[in-house]
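Examination of the molecular architecture
These are the residues of each chain, in order.
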Amino acid sequence: MSILRIGLGHDLHQLVEGRRFLLAGIVLPSEKGELGHSDGDVLAHAVMDALLGAAALGDIGELFPPSDPTWKDADSMGLLRSAFSLVTAKGWRLVNLDCIVVCETPKVLPHRETIRASLAAALSVGMEAVFVKGKTNERMDSTGAGLAVEATAVCLLERVEH
Ligand code: MG
């Protein structure tokens, strides 16, 4: 018997000068980047919460609390790999992952395939199981004003039980 579970993750980071703009470990050319205790990789964080949520294994704030100096400037793709290892240790396999990144600039589309490849490699799936879309907020609200970047991720996990 196969058990399926959906997971949902969302994150937002403020954009400031002097930081890298990271999406799933890929640096996009930008005058501003994500502020954060870790490296601020908003997409890695949303994906991590989707995976952990589907497996009911907690969330990023519990696993890697920002109050803990261990995670200062942490490589979020490393955190994603270690969170995913908790998920796979419980017998779950990733069926697919779909993501939305919302920011006014930079454009996500020119980097989409690189970002998909980075996530697929970290999660041990083919690129066809991972998709990423870039959107803007039509200059509305703080994200639309270029003050923040947001990411949402949804995933499907499968576990086969005998
Ligand atoms: Mg975050």
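All of these numbers come straight from a predicted model, not from anything done at the bench. (Residues numbered from 1 in each chain as written. Predicted model: local features only at pLDDT ≥ 70, side-chain atom pairs only at ≥ 80, totals over all residues. Heavy atoms only, no water.)

Some remarks on the nonpolar core
Judged by nonpolar contacts, the single largest core of 45 residues is most densely connected at Leu-43, Val-47, Leu-51, Leu-97, Ile-115 and Leu-119. Those elements giving two or more residues to this core turn out to be strand S2 (21-23), strand S3 (26-28), helix H1 (42-54), helix H3 (76-89), strand S5 (93-102), helix H4 (112-122), strand S6 (130-135) and strand S7 (148-160). Among the elements that line this core, the one with the most residues is H1, at ten residues. Ignoring any residue separated from it by four or fewer positions in sequence, one finds Leu-43 in contact with Leu-23, Ala-24, Cys-99, Val-101, Ile-115, Leu-119, Val-132 and Ala-151. (Core = buried A, V, L, I, M, F, W, Y, C linked by side-chain atoms within 4.5 Å. Buried < 20%, exposed > 50% of the residue type's maximum accessible area, 1.4 Å probe, protein only. Helix = DSSP H or I, 4+ residues; strand = E, 2+ residues; numbered from the N terminus. Contact = heavy atoms within 4.5 Å.)

Considerations on H4
Since one α-helical turn is 3.6 residues long, residues separated by three or four positions face the same way. Those residues of H4 that fall on the buried side of the exposure criterion are Ile-115, Arg-116, Ser-118, Leu-119, Ala-120 and Ala-122. Those residues of H4 hidden inside the fold are in contact with S2, S3, H1, H3, S5 and S6. Just downstream of H4 lies Ser-124, where phi reads positive at about 55°.

Some words on the side chain of Glu-158
Looking at where Glu-158 falls in the secondary structure, it is placed in strand S7. A distance of 2.7 Å separates polar atoms of two side chains, one belonging to Glu-158 and the other to Ser-2. Within the structure, Glu-158 has its side chain in polar contact with the side chain of Arg-93 (distance 2.5 Å). (Polar contact = N/O pair within 3.5 Å; in protein donor to acceptor, adjacent residues only side chain to side chain.)

Describing the pattern of salt bridges
Within the structure shown, the criterion is met by eight salt bridges. Among the ionic pairs, Lys-72 bridges to Asp-73, the shortest N-O distance being 3.6 Å. Three or more residues joined by partner-sharing salt bridges are found here, namely Arg-19, Lys-72 and Asp-73. (Salt bridge = Lys/Arg side-chain N within 4 Å of Asp/Glu carboxyl O.)

Concerning the sheet that holds S7
Sheet strands associate in pairs through backbone hydrogen bonding, adopting either a parallel or an antiparallel arrangement. One open sheet holds the five strands; their spatial order is S4-S1-S7-S5-S6, and the pairing between them is mixed. Unpaired on one side and paired on the other, strand S4 (32-34) and S6 mark the two borders of the sheet. Strand-to-strand twist of the sheet, defined as the mean angle between neighbouring strand axes without regard to direction, takes the value 20°. In this structure, strand S1 (residues 2-17) lies alongside S7, joined through 13 bridges in antiparallel fashion. Bridging across to S7, His-13 finds its partner in Val-149. (Pairing = 2+ DSSP bridges. Axes fitted to C-alpha atoms, helices over the stretch in contact; angles between N-to-C directions.)

Examining the coordination of the magnesium ion
The protein atoms donating to the magnesium ion are Asp-11 (OD), His-13 (NE2) and His-45 (ND1), with metal-donor distances spanning 2.1 to 2.3 Å. In terms of primary sequence, the donors binding the magnesium ion are separated according to D-x1-H-x31-H. A residue pair is termed long-range when its members are at least 10 positions apart, and His-13 in strand S1 and His-45 in helix H1 qualify at 32 residues. Classification of His-13 by relative accessible area gives buried; the value is 10%. (Donors = N, O, S within 2.8 Å, 3.2 Å for Na, K, Ca; no water.)

With respect to the environment of Val-160
Locating Val-160 in the fold gives a position in strand S7. In this structure, the C-alpha to C-alpha distance between Val-160 and Leu-4, residues 156 residues apart in sequence, is 8.9 Å. Once you skip the residues sitting within four places of it in the chain, Val-160 turns out to touch Met-1 and Ser-2.

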